[in-house]
Amino acid sequence: MNDFTAIDFETANYKGFSICQIGLVRVENNEVVKTINQLICPPGNYYISRFIDIHGITPEHTAAAPTFEEVWGHIKKYIEDQVLVAHNASFDCSCLKQVLAYYDLAEVKYERQCTYKIYKKGLSKICEEQGIQLNHHDALSDAMACAELYKRYLNK
């Protein structure tokens, strides 16, 4: 079965729980069936300028956004007991673990897959080589690219 969820988190600072954007792509039977592009208000809406320079998200963008705790109920079903794919999955899975702990939410089980480990190249480079459109460090664009890379890997 080729069902999986591709995910990408952008963070506001060095803390993994400081998620400020979630990009999520659900693939079932090799087709994208759901996308989520959600700004998140990180704890204290605290950003470091270096991170703003990377993704362009500012405290003004997320001041009125929901917290991760408020969004979790909507995305949990796409993660729990699913194949979860990310590019550099150790980062995204660490963020997920940290944010769940921060909000005292139960950890969930999933099967982790990493397109960085599969392709052994950075996301920008592999997308350029594979002709995949990418607006790097936009969470949904990164998750869409990751989903496409994983679909290509599964269909080899």
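Rules behind the numbers
- Residues numbered from 1 in each chain as written.
- Predicted model: local features only at pLDDT ≥ 70, side-chain atom pairs only at ≥ 80, totals over all residues.
- Heavy atoms only, no water.
- Helix = DSSP H or I, 4+ residues; strand = E, 2+ residues; numbered from the N terminus.
- Rg over C-alpha atoms; globule rule 2.2 N^0.38 Å.
- Buried < 20%, exposed > 50% of the residue type's maximum accessible area, 1.4 Å probe, protein only.
- Contact = heavy atoms within 4.5 Å.
- Areas by Shrake-Rupley, 256 points an atom, 1.4 Å probe, with all protein chains shown as cover.
- Lys, Arg positive; Asp, Glu negative; His and termini not counted.
- Charge placed at Lys NZ, Arg CZ, Asp CG, Glu CD.
- Pairing = 2+ DSSP bridges.
- Phe/Tyr/Trp six-rings, centres within 6.5 Å; stacked < 30°, edge-to-face > 60°.
- Lys NZ or Arg CZ within 6 Å of the ring centre and 35° of its normal.

A.B. asks: Would you explain the overall build of the protein in this entry?
C.D. replies: Along the backbone of the protein there are 7 helices and 5 strands. Element order for the protein, N to C, with α for helix and β for strand: β-β-β-α-α-α-β-α-β-α-α-α. Computed over C-alpha atoms, the radius of gyration of the protein comes to 15 Å, within 12% of the 15 Å expected from 2.2 N^0.38 for 156 residues, which places it in the range of a compact globule. Seen through its principal axes, the protein has C-alpha atoms that stretch 45 × 30 × 25 Å. Counting all 156 residues of the protein, 47% fall into the buried class. Contacts in the protein between residues at least 24 apart in sequence constitute 62% of all its contacts with a sequence separation of at least 6. For the protein, the accessible area works out to roughly 8,000 Å², and carbon and sulfur atoms hold 46% of it. Treating the 16 positive side-chain charges of the protein as one cloud and the 20 negative ones as another, the clouds have centres 7 Å apart.

A.B. asks: Please explain the pairing of strand S4 (residues 83-86) as it appears in this structure.
C.D. replies: Consecutive side chains of a regular strand alternate in pointing toward one face of the sheet and then the other. Side chains Val83 and Val85 of S4 all project onto a buried face; the interleaved residues Leu84 and Ala86 project onto the opposite face, where all are buried too. Taken together, the 2 bridges between strand S1 (residues 4-11) and S4 define a ladder with parallel strand orientation. Opposite Ala6, over in S4, you have Val85 as the bridge partner. With 4 bridges joining them, S4 and strand S5 (residues 111-114) adopt parallel strand pairing.

A.B. asks: What's the story with the packing of aromatic side chains in this structure? I'm lost.
C.D. replies: Two aromatic rings are characterised by how far apart their centres lie and by the angle between their planes. Applying the stated criterion across every chain, the model contains 6 aromatic pairs. Ring centres 5.6 Å apart and planes at 25 degrees place the aromatic pair Phe68 and Trp72 in the stacked group. Placement of both Phe68 and Trp72 in helix H3 (residues 68-75) is noted, with a separation of 4 residues, approximately one turn of the helix. Neither Phe68 nor Trp72 differs from the other in exposure class; each is buried. Pairing Tyr150 with Tyr153 gives two aromatic rings, centres 5.7 Å apart and planes at 35 degrees, and the pair type is tilted. One end of the pair is Tyr150 and the other is Tyr153, both in helix H7 (residues 139-154) and 3 residues apart, which spans about a single turn. Of the residues examined, Tyr150 reaches a relative accessible area of 6% and is grouped as buried. For Tyr153, a relative accessible area of 35% translates into the label partly exposed. Through pairs of rings, three or more aromatic residues link up here, namely Phe4, Tyr150 and Tyr153. Geometry around Phe51 places Arg50 over its ring, the cationic atom sitting 5.8 Å from the centre.

A.B. asks: When you look at the side chain of Ser18 in this model, what are you seeing that I'm missing?
C.D. replies: With respect to the helices, strands and loops of the structure, Ser18 is situated in the loop between S1 and strand S2 (19-28). With a relative accessible area of 1%, Ser18 lands in the buried category. Those residues within four positions of Ser18 in sequence are excluded, and the remaining contacts are Glu10, Thr11, Ala12, Asn13, Pro42 and Pro43.

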